[in-house]
Amino acid sequence: MRFPGLVENEILKFARQRRFRVVVLILMALIGLIVFAQSRGRERFLKGKDWHVETQERMARIQNWLRDGRMPESSQRWARFELDRLRYHVDRDVNPDAVSGPLFVRGFANAASYLLLPLLAIVFASDVVSAEFAQGTIKLLLTRPVKRARVLASKLAALLLAITLTVLFGGIVAYVFGGIAYGYGGWEAPVLTGFRSSGERLDPAAVRSIVLWKDTILAYGLAWFAALCVGAIALLTSVLLRSTAAAMGTMLAALIAGTILPRLAPSWEAQKFLFVTNLPLPDYYSGTPPPIPGLTVGFAAATLAAWAVAALAAAFLVFVKRDVLA
Amino acid sequence: MSTAATLSGSSREIVLSAEHLTKRFGSREAVSDVSFDVRAGEIFGFLGPNGAGKTTTIRMLVGLARPDRGRVQIRGLDLSRDFVKAMGHVGCIVEAPDLYKYLTGRENLLHFSRMLPEGAAERIPELARLVALSERLDDKVSTYSLGMRQRLGIAQALLGNPDILILDEPANGLDPAGIREIRQLMRHLASERGMAVFVSSHLLSEVEQTCDRVAIIHRGRTLATGPVSELVDRVASDRLRLIARPAKRAVELLAPFGEAEITGDDRGGDGEGAIDVRIPREKVPDALRALTAAGVDVFAVERSLASLEEVFLEITGGETV
C-alpha cells in the first residue's frame, strides 16, 4: 500500500540474501589485491631516483617552452596547469608522480567502471524479479492489493539503492586500503583532466586543472551512473527471462562482448550505440582516447540513459501485462 | 445443475463469481466457459484431476492470468478493472505455499502486511495462534515442515482479513493429521467468521469431507456444480464393498442383486475377500440377509465411493458435454 513499506520489503530481501555479503567480500578482496600488487611494482619503479632533481628539471623545461613563445595557445594552457601542479607538489615536498591514497581511489573509479561495477550491478539486478519466479513467491507478491507497476517500482528503487551503496562502498574500501599503502592525505592536490584526442594526437585545448577530491566525486558519479544504467538493463533481462542464471549469463556475455568488440572490430563505428561501449564514462571524462571516434562523455552518458529508459519501459510493460503461469 | 438448493442457502451474499472464464494456450483451450459463484460462509470445492484446468482457473481468479473471455467479480468489483480494491478482499495460496525461505515466519508475515492497509501487522500474533505457529514464528521458514509452511501460507492469506480465502490443493503433501488441521481451520473460518472458502482438490474424499458445494472440472469444463452430497449420491449410492468369507460363494449369492466381483489378489474364492458390488440402496438389507442365511461370514459392509475417474464417466455419460 504505502510505497516506503514496499521498498523496505525489497531492501530486506536484498540484505538477507547471501549475495550482498558475497559482493562485499569480492570488493574487499579485489581492491586489497590491486593495492598489494601495485605498491610492489611502484617500489621497484621509484627506487634509486631523486624526484626532487627530476621535478626541478621538468619545471625548468616547461618554463623554457613557455618563454620560447612558439608553443600554440592550447598547449600553453596545459603547460601552465602542469607547472602549477608540479609547483604545488614541490611546495609540499611530495613526489608529483607518487600515488597517494586519494589518487588510488580516483584511479579505481576508472578501472572499476569497465567491468567490476557493471558486473556487481548485474549480480544484483538479474535476481530482482527472476528470484521471485524461482521461489514461487511471485504468486503471492502479485496477488496482494498492490498494482504490479508499484511492485516493480519498489524493486527498482531497492536495486538503485543497492548499486549506489556498492559504488560508495567500493570507493570507501579503495580509500581505506589505498591509504594503508600510500597514505591518506592529498585530496587537495590539483589534477589535470579533460584531454581530448583529435585523430592521432592528443588535443590539450580542453584541459582543466581540478582539485583531486572534486575530480574523484565526478568520476565516481559517472561510474555510478553507468552502473545504474547497467542495472536497469539487467532488470529487463530478469523480467524477460525469469531465470537468474539466464539473465546473468546474457548480461555477462554482453559485457564481455563490449570489452572485446572495440579491439577486434575498431572500424565498426555503429558499436558506439551499444550500451557496453559506453560504460567507461570516467575514462571518456578524463580524456583517455576512446575506442571509437566521436565517443565523448556526453554522448556516452546520453546513449546509456537512452538504453536504460528504454529497458525500464519494456520491463514495466512486460511485468504488468504478462500472465504469471510459472 | 441447480445451485438454488445449496446447503449454505442461496440467500447468502455472493463473494466471488466467475463468469464464462476461458483461457487459451496457443490452440489448446485450457479452461472453457467456466462459471460459478462462491457465497459467504460456505466452503466451495473445486474438484478435478491434475491437469483439468484447476490452477489455471485459480490464476484467473486472483489476477495472475488474464482470461481470454469472461470475467471475475469479487464483491461486485471487476477484477481486471478494479484489481487493487478487489484483491483487498482476497487471501490466497496458489499451488504450493511458497514463502521466503531465508526469512523467518514473522518476517514473511511482516513482509506481506506491508503490502496491505495499515493494521495488518497487528493481527500477526493472533493469526500465529490460529494456525498454531506461535512457537516457531521466529525460525527461518527453511526449517519448517510442509504442513507448517501450509499453515504459514494460510496465516499470510488471512492477514488482510479477507472475505474470501482461495486455497489451491491445501492437502497436497500433508500427513493425515495435517490435513485434518487444515480442514478444521477451513470449517472454523467459514462457520465462525462467515468467510467464503474456495478450495481446489483432485481428491473426491477430501472434497466430500470438507466442502458444502462443489464444482467438478474436467478438461477445462465444469461438468457439474451443486451440493456435495447430491453429486456424490448420484454416482456412489449403489456401490458397496463387502469383506466376506468365503468370497466366491458371496459373489454367487450377490449375483441376483447386482454385478459383483472380487477385488484384490485373492480370487481363489475360499478365503476372506473384498467384493465390490452395485446394489440399489433398497435391496441392500435383502442381499445381506441372503448372505448370512447361506452361512457366509460378513465382516464389513461399506459404501464404496467411485474413483474420481468413475464419477466423471458417470456424469459425462449422463449429460452432454
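Residues numbered from 1 in each chain as written. Chains lettered and ligands numbered in written order. Predicted model: local features only at pLDDT ≥ 70, side-chain atom pairs only at ≥ 80, totals over all residues.

This paragraph deals with the overall build of chain A. Helix and strand counts for chain A come out as 13 helices and 4 strands. Its C-alpha atoms give chain A principal-axis dimensions of roughly 75 × 40 × 35 Å. By the burial criterion, 37% of the 326 residues in chain A qualify as buried. Of all intrachain contacts in chain A linking residues separated by at least 6 positions in sequence, the fraction that spans at least 24 positions is 77%. (Helix = DSSP H or I, 4+ residues; strand = E, 2+ residues; numbered from the N terminus. Buried ≥ 20, exposed ≤ 12 C-beta atoms within 10 Å, placed from the backbone. Contact = placed C-beta atoms within 7 Å.)

This paragraph deals with the overall build of chain B. Looking only at helices and strands, chain B has 11 helices and 14 strands in total. Looking at chain B as a whole, 45% of its 321 residues are labelled buried. Relative to all contacts within chain B whose residues are 6 or more apart in sequence, the contacts with residues 24 or more apart total 70%.

In this section: the sheet that holds strand β5 (residues 77-78) of chain B. Residues and elements named next belong to chain B. If you walk across this open sheet you meet the 4 strands as β2-β1-β4-β5, and the pairing is antiparallel. Across the chains shown, the open sheet's two edge strands, defined by having one partner strand only, are β2 (28-39) and β5. Where strand β4 (residues 69-74) meets β5, 2 bridges bridge the pair, whose relative direction is antiparallel. Its bridge partner lying in β5, I74 is registered against L77. Along the sheet, helix α1 (residues 54-61) contacts β1 (14-25), β2 and β4; its crossing angle with β1, the most-contacted strand, is approximately 120 degrees. (Pairing = 2+ DSSP bridges. Axes fitted to C-alpha atoms, helices over the stretch in contact; angles between N-to-C directions.)

To continue, consider the interface of chain A and chain B. Across the boundary between the two partners, chain A contributes 23 residues, which contact 27 residues of chain B. Elements supplying a minimum of two residues to the side of chain A that touches chain B: α1 (3-16) and α8 (138-141) of chain A. At 7 residues, α1(A) tops the list of elements feeding residues into the side of chain A that touches chain B. Looking at the side of chain A that touches chain B residue by residue, the classes come out as 9 nonpolar, 7 polar and 7 charged. (Nonpolar A, V, L, I, M, F, W, Y, C, P; charged D, E, K, R; others polar.)

On to helix α9 (residues 148-182) of chain A, then. Between its first and last C-alpha atoms α9(A) spans 50 Å; for 35 residues at 1.5 Å apiece the expected length is 51 Å, and the two agree. Backbone geometry just downstream of α9(A) places A:G183 in the positive-phi region, at approximately 90 degrees. (Expected span 1.5 Å × (residues − 1).)

The next subject is the packing of helix α5 (residues 101-114) of chain A against α9(A). Residues and elements named next belong to chain A. The contact between α5 and α9 brings their axes to 8 Å, and the two run at 135 degrees. Between α5 and α9, the angle falls in the class oblique. Like other packed secondary-structure pairs, α5 and α9 cross with a definite hand, here right-handed. On α9, the residues touching G101, F104, V105, F108 and A112 of α5 are G170, G171, A174, Y175, G178, G179 and Y182. Taken together, the residues that form the contact of α5 with α9 break down as 7 nonpolar, 5 polar and no charged. (Parallel < 35°, antiparallel > 145°, perpendicular 65-115°, else oblique. Left-handed = near helix turned anticlockwise from the far one by under 90°.)

Turning our eyes to something else, we now look at the nonpolar core. The biggest cluster of nonpolar side chains holds 152 residues, and the ones touching the most others in it are A:A223, A:L235, B:I164 and B:V197. Beyond its immediate stretch of four places on either side in the chain, A:A223 contacts A:A109, A:A112, A:S113, A:L117, A:V167, A:L281 and A:P282. (Core = buried A, V, L, I, M, F, W, Y, C linked by C-beta atoms within 7 Å.)

What follows covers the domain arrangement of chain B. For chain B, the assigned domains read domain 1 (14-234) and domain 2 (237-318). The C-alpha centroid of domain 2 of chain B is placed 38 Å from the C-alpha centroid of domain 1 of chain B. (Domains from an automatic or database assignment.)

Residues and elements named next belong to chain B. Omega for the peptide link from R245 to P246 comes to -5 degrees, which places this bond in the cis form. Locating P246 in the fold gives a position in the loop between β11 (239-245) and α9 (247-254). Positive phi is not limited to glycine here, since D33 has a value of about 50 degrees. Structurally, D33 is set in strand β2. A positive phi angle is found at E95, which is not glycine, with a value near 60 degrees.

Take helix α6 (residues 116-128) of chain A next. Residue and element names in this part refer to chain A. Here α6 contains 13 residues, and its C-alpha end-to-end distance of 19 Å stays within 8% of the 18 Å for a straight helix at 1.5 Å per residue. Buried residues dominate α6, accounting for 11 of its 13 residues. Those residues of α6 that sit buried are L117, P118, L120, A121, I122, V123, F124, A125, S126, D127 and V128.

Residue and element names in this part refer to chain B. Taken in spatial order, the 6 strands line up as β6-β7-β8-β3-β9-β10 in an open sheet, and their pairing is mixed. Of all strands in the sheet, those with a lone pairing partner are β6 (90-93) and β10 (221-227), marking the two edges. This sheet shows a mean twist of 15 degrees between the axes of neighbouring strands, independent of strand direction. Two strands pair when backbone bridges link them, and strand β3 (residues 43-47) and strand β9 (residues 213-218) are joined in this way by 4 bridges, in the parallel orientation. Across the sheet, residue F46 finds its bridge partner in β9, namely A215. The strands that helix α5 (residues 146-158) touches are β6 and β7 (164-168); relative to β6, the one it contacts most, it runs at about 160 degrees.

Further remarks concern the environment of A:S113. Residues and elements named next belong to chain A. Here S113 shows up in helix α5. Judged by the 26 C-beta atoms lying within 10 Å of it, S113 falls in the buried class. Sequence spacing of S113 and P280 is 167 residues, and the spatial spacing of their C-alpha atoms is 5.3 Å. When near neighbours in sequence (up to four residues on either side) are disregarded, S113 contacts A223, A226, L279, P280, L281 and P282.

All names here are of chain B. Of the residues in chain B, 87% have a pLDDT of 70 or more, and the chain-wide mean is 86. Here residues 1-9 is modelled with pLDDT under 50, and outside its nearest four sequence neighbours on either side it reaches 18 contacts, counting other chains as well. Note on the complex model: pTM 0.83, ipTM 0.83. (pLDDT = per-residue confidence, 0-100.)

What follows deals with the environment of A:L33. Among the structural elements, A:L33 can be located in helix α2 (residues 18-46). Each C-alpha atom of the pair A:L33 and A:F177 lies 9.6 Å from the other, and the pair is 144 residues apart in sequence.

Let us look at the packing of α6(A) against helix α10 (residues 212-241) of chain A. The axes of two packed helices give the description: the angle between them and the distance between them. Residue and element names in this part refer to chain A. Where α6 contacts α10, the two axes come as close as 8 Å, and the packing angle between them is 30 degrees. As summarised for this structure, α6 and α10 are arranged roughly parallel, according to the angle between their axes. Handedness of the crossing formed by α6 with α10: right-handed. Across the interface between the two elements, L117, P118, A121, I122, F124, A125, S126, D127 and V128 from α6 touch A223, A226, A227, V230, G231, A234, L235, T237 and S238 from α10. Taken together, the residues of the contact of α6 with α10 sort by class into 13 nonpolar, 4 polar and 1 charged.

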